[in-house]
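Spelled out, the chains give:
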Amino acid sequence: MKVFNSKEDIFNTIEGFKAQNKKVGFVPTMGALHAGHLALVSKALKENDVVVISVFVNPTQFNKKEDLEKYPRTLERDLNLIKTLFATNIIIYAPSVKDIYDENIEALNFDFDGLENEMEGKFRPDHFDGVGTVVKRLFEIVKPHNAYFGEKDFQQLQIIKKLVEKLHLSINVIGCKIYREESGLALSSRNERLKLEHLESAPTIYKILKKAKERFAKQSPKKVTEWVIKEFEKQKMLELEYFVIADIKTLKEIKRKSNKKVYRAFIAVYADEIRLIDNIALN
Ligand code: PAF
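Since this is a predicted model, take the numbers as computed values, not measurements.

Participant: I'd like a rundown of the site of the ligand, residues and numbers included.
Facilitator: Neighbouring the ligand are Pro 28, Thr 29, Met 30, Asn 58, Gln 61, Val 134, Phe 149 and Gln 156. For the ligand, an oxygen atom lies 2.6 Å from a polar atom in the side chain of Gln 61. Between the ligand and Gln 156, the relevant distance is 2.7 Å, taken from an oxygen atom to a side-chain nitrogen or oxygen of the residue. Among the cavities detected, the one that contains the ligand is the largest pocket.

Structure, rendered in structure tokens:
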């Protein structure tokens, strides 16, 4: 396993692999790796000859300075975790902010056909411009055949697919199932920061999502949403930010169901000051 810090070095190395007709998979991360990331890497290892993992806490996707400062930076631990896969065909790209942004730490402005304005976009202004900027940059450096993203950030996944479509990149964007603890809690680097009492209540988020899914089979989206809001009013440790039932193509909240469309329920919840997101396929 080799660790690169410079875009020129990793670019040249990857070009070398491509010259030997090797298929390159890419797993972009912000570090603080957990079993969910390892699942993405394992899938990538099965489907490619070489897997690149980037570890980069991207400053332009944080809309609160303190979130960026508090974000865990655990490269040593991350590398040790990757070593547990015993794969010799993994390369790590752990650049500095300068290597990615040079002197201009600014996000580009993207039009993702409105996907960026729903849900996370409403509560985290400019977040997806930051994500789009860094993923575009990373794609230019790594130029992978396949890139892997978790469905926990389903809106991000749809936006990356849109980015690839709009920029006419020949990259396969592959969504991977949400990796959950036994309790149902979706794995997230943020879980580490939960206090014990919040860690104990956080699995309720998925329990409510599963019940919402059952209700969705019989009830209108409005009724299901009202029920979820009421359920969260009973929770002492969790505060609901949004619950939205949306069409997976447009990510717009729906009023009526149609059996020709595919829907998901999306949720954001505060457990103390930690913001957790999750989602579930409904049909
Ligand atoms: O999902 C993440 O960890 C980040 O948003 C990503 C895609 C690595 C971009 O910084």
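Participant: Please give an account of the pattern of salt bridges that cites residues and values.
Facilitator: Scanning the model with the defined rule gives 23 salt bridges in all. Measuring nitrogen to oxygen at the nearest pair gives 2.8 Å for the salt bridge that ties Arg 77 to Glu 192. Placement of Arg 77 in helix α4 (residues 75-83) and of Glu 192 in the loop between β6 (172-176) and α9 (196-201) is noted, with a sequence separation of 115 residues between them. The exposure class assigned to Arg 77 is partly exposed, which follows from its relative accessible area of 43%. Residue Lys 136 is joined to Glu 140 by a salt bridge in which the shortest nitrogen-to-oxygen separation is 2.9 Å. One end of the pair, Lys 136, and the other, Glu 140, are both in helix α7 (residues 127-142), 4 residues apart, so they sit about a helical turn from each other. The class for Lys 136 is partly exposed, based on a relative accessible area of 23%. By relative accessible area, Glu 140 is classed as partly exposed at 33%.

Participant: Which residues make up empty space enclosed by the protein, and what values go with them?
Facilitator: Summed over the entire model, instances satisfying the criterion amount to 1 cavity of 30 Å³ or more. Of the pockets and cavities examined, the largest cavity occupies roughly 80 Å³. Lining the largest cavity are Lys 152, Gly 184, Leu 185, Ala 186, Ser 188, Asn 191, Ala 202, Ile 205, Tyr 206, Leu 276, Ile 277 and Asp 278. Of all the secondary structure elements, the ones that give two or more residues to the lining of the largest cavity are α10 (204-216) and β9 (274-281). Counting residues per element, the lining of the largest cavity draws most heavily on β9, which supplies 3 residues.

Participant: Break down the sheet that holds strand β4 (residues 90-93) for me, with residues and values.
Facilitator: Read from one edge of the open sheet, 6 strands run β1-β4-β3-β2-β5-β6, paired in parallel fashion. The open sheet has two edge strands, β1 (2-4) and β6, and neither has a second partner. Taking the axes of each pair of neighbouring strands and ignoring which way they run, one obtains an average angle of 25° across the sheet. Where strand β3 (residues 50-55) meets β4, 4 bridges bridge the pair, whose relative direction is parallel. Paired with Val 52 across the bridge in β4 is Ile 91. Sitting on the sheet, helix α2 (residues 35-47) is in contact with β2 (24-29), β3, β4, β5 (146-150) and β6, with an inclination near 155° to β5. Helix α8 (residues 154-166) contacts β5 and β6 of the sheet and is inclined by roughly 170° relative to β6.

Cut-offs and rules
- Residues numbered from 1 in each chain as written.
- Predicted model: local features only at pLDDT ≥ 70, side-chain atom pairs only at ≥ 80, totals over all residues.
- Heavy atoms only, no water.
- Near = heavy atom within 4 Å.
- Polar contact = N/O pair within 3.5 Å; in protein donor to acceptor, adjacent residues only side chain to side chain.
- 1 Å grid on protein atoms, 1.4 Å probe; cavity = no way out; pocket = protein on both sides within 12 Å on 5 of 7 lines; lining within 4 Å.
- Sits in = over half its atoms within 2 Å of the grid points.
- Salt bridge = Lys/Arg side-chain N within 4 Å of Asp/Glu carboxyl O.
- Helix = DSSP H or I, 4+ residues; strand = E, 2+ residues; numbered from the N terminus.
- Buried < 20%, exposed > 50% of the residue type's maximum accessible area, 1.4 Å probe, protein only.
- Points joined across faces, edges and corners; volume = space filled by probe spheres on them.
- Pairing = 2+ DSSP bridges.
- Axes fitted to C-alpha atoms, helices over the stretch in contact; angles between N-to-C directions.
- Contact = heavy atoms within 4.5 Å.

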